[in-house]
Amino acid sequence: MQLGNQVISVWCLDTSGKRNRFHGMKMECGFDQFIPLKTFTNIGNGYLVNDTCIFGAEVFICKERNTGKGESLSMVKGAITHKQLCKIENFSKLNVECYDSTEFNAGDHKWKIQVYPKGKGSGAGTHISLYLALADPSILPPNSKIYAEVKLRIVEQIKATDWSAKVTYWFSASRTECGWSRFTTLSYLNLPSVGLLVKDTCLVEAELTIHGVASPM
């Protein structure tokens, strides 16, 4: 609450004297078991007289002392899993450091699969690196975050199975991608019997489930 240039807080005291602060995410304060009904209805106690009860509340307003920052987390009910398949042909002839898939929509944002055919970071030169990234993180509201579950896989085209990894991650304007620099070795990827690379074609799939969005209070 703000009056003029002063920021104030409204508190509720519980039975132990502990203060509970009201704010945007805590709009009420009270007690599920305030007094036993037997005690309340006992005439000798004076709480209920002539079928009449008087309730009262004392409100104490204090100057805001908490200088910390809070955030509001909105969870997604019945979260939907979004799938995107990226087909990369002529894989061995790719002459780019990073191959970006077609962008797709999920949770009001655009996303893309990023494939580093010769590896990235600790996997450079030895592994294929896979990531899921926000296509345009600049449109995220300041200090907001997206809580998501990410699964990346390379489809085994012969056995109809996959080579996959899964993780939960907080995406933000400063944490725009999630994945693995050492997803699998290039030597394993190129084994004909494995089926990850068939006729020089690689199939990479992403599954994205957005579970919540956090924003500053």
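The numbering scheme is per chain: residues are counted from 1 as the chain's sequence reads. A pLDDT threshold of at least 70 governs which residues receive local features in this predicted model, and a stricter bar of 80 or more applies before side-chain atom pairs are shown or counted, although totals over entire chains, interfaces and linings include all residues. For the side-chain quantities, the full set of heavy atoms in the structure was used; hydrogens and water were omitted.

### Brief notes about the pattern of salt bridges
Here a salt bridge means any side-chain nitrogen of Lys or Arg lying within 4 Å of a carboxyl oxygen belonging to Asp or Glu. Counted by the stated rule, this structure contains seven salt bridges. Ionic pairing is found between E205 and R153, a salt bridge with its closest N-O pair at 2.2 Å. Linking E205 in strand β14 (residues 202-216) with R153 in strand β11 (residues 145-156), this pair joins segments that are 52 residues apart in sequence. The buried label goes to any residue with under 20% of its type's maximum accessible area, the exposed label to any with over 50%, and the partly exposed label to all in between, with areas taken from a 1.4 Å probe on protein chains only. Residue E205 is classed as buried on the basis of its relative accessible area of 17%. Connected through salt bridges with shared partners, the residues K83, R153, E205 and E207 form a single ionic network. Runs of H or I in DSSP of at least four residues are treated as helices and runs of E of at least two as strands, each being numbered from the N terminus.

### Comments concerning the environment of L130
Here L130 lies in strand β10 (residues 127-134). Distance from L130 to T184, taken between C-alpha atoms, is 9.3 Å for residues 54 residues apart in sequence. Any two residues whose heavy atoms approach within 4.5 Å at even a single point are treated as in contact. L130 has contacts with Q114, V115, L152, I154, C178, G179, W180, F183 and V204, leaving out every residue within four places of it along the chain.

### Topic: the packing of aromatic side chains
When two rings of Phe, Tyr or Trp (its six-membered ring) have centres within 6.5 Å they constitute a pair, described as stacked for plane angles under 30 degrees, edge-to-face for angles over 60, and tilted for the intermediate range. Using the criterion set out here, one finds six aromatic pairs in the structure. Taking 4.9 Å as the distance between ring centres and 70° as the angle between the ring planes, the aromatic pair formed by Y169 and F171 counts as edge-to-face. Judged on exposure class, the residue Y169 and its partner F171 are both buried. Counting as a charge over the ring demands two things of the Lys NZ or Arg CZ atom: a distance within 6 Å of the ring centre and an angle within 35 degrees of the ring normal. The aromatic ring of W170 is capped on one face by K145, whose charged end is 4.8 Å from the ring centroid.

### As for the side chain of R153
The class for R153 is buried, based on a relative accessible area of 8%. Within the structure, the side chain of R153 is placed 2.2 Å from the side chain of E205, a separation counted as a polar contact. The term polar contact refers here to a pair of N or O atoms within 3.5 Å; inside protein, the definition further demands a hydrogen-donor-capable atom paired with an acceptor-capable atom, and it admits residues adjacent in sequence only when both atoms are side-chain atoms. Here E207 takes part through its side chain, which lies 3.0 Å from a polar atom of the side chain of R153.

### Here's the deal with the pairing of β10
Regular strands place side chains that alternate from one sheet face to the opposite one. Most of β10 sits inside the fold, with eight of its eight residues counted as buried. Burial of β10 is two-sided: the residues H127, S129, Y131 and A133 facing one way and the residues I128, L130, L132 and L134 facing the other way are all buried. One requirement defines pairing of two strands: DSSP has to find at least two bridges between them. Relative to β10, strand β9 (residues 109-116) runs antiparallel, the two sharing six bridges. Opposite V115, over in β10, you have L130 as the bridge partner.

### Some words on unusual backbone geometry
A positive phi angle, near 50°, is found at N90, a position not held by glycine. Looking at the element boundaries, N90 is found in the loop between β6 (81-88) and β7 (99-100). For N90, a relative accessible area of 46% corresponds to the partly exposed category. A positive phi angle, near 65°, is found at D108, a position not held by glycine.

### Brief notes about the environment of K83
When you line up the elements, K83 lands in strand β6. Looking at K83, the relative accessible area reads 56%, which means it is exposed. Along the sequence, K83 and F104 sit 21 residues apart, while their C-alpha atoms lie 9.1 Å from each other. Apart from the residues within four sequence positions on either side, K83 is in contact with E205, A206 and E207.

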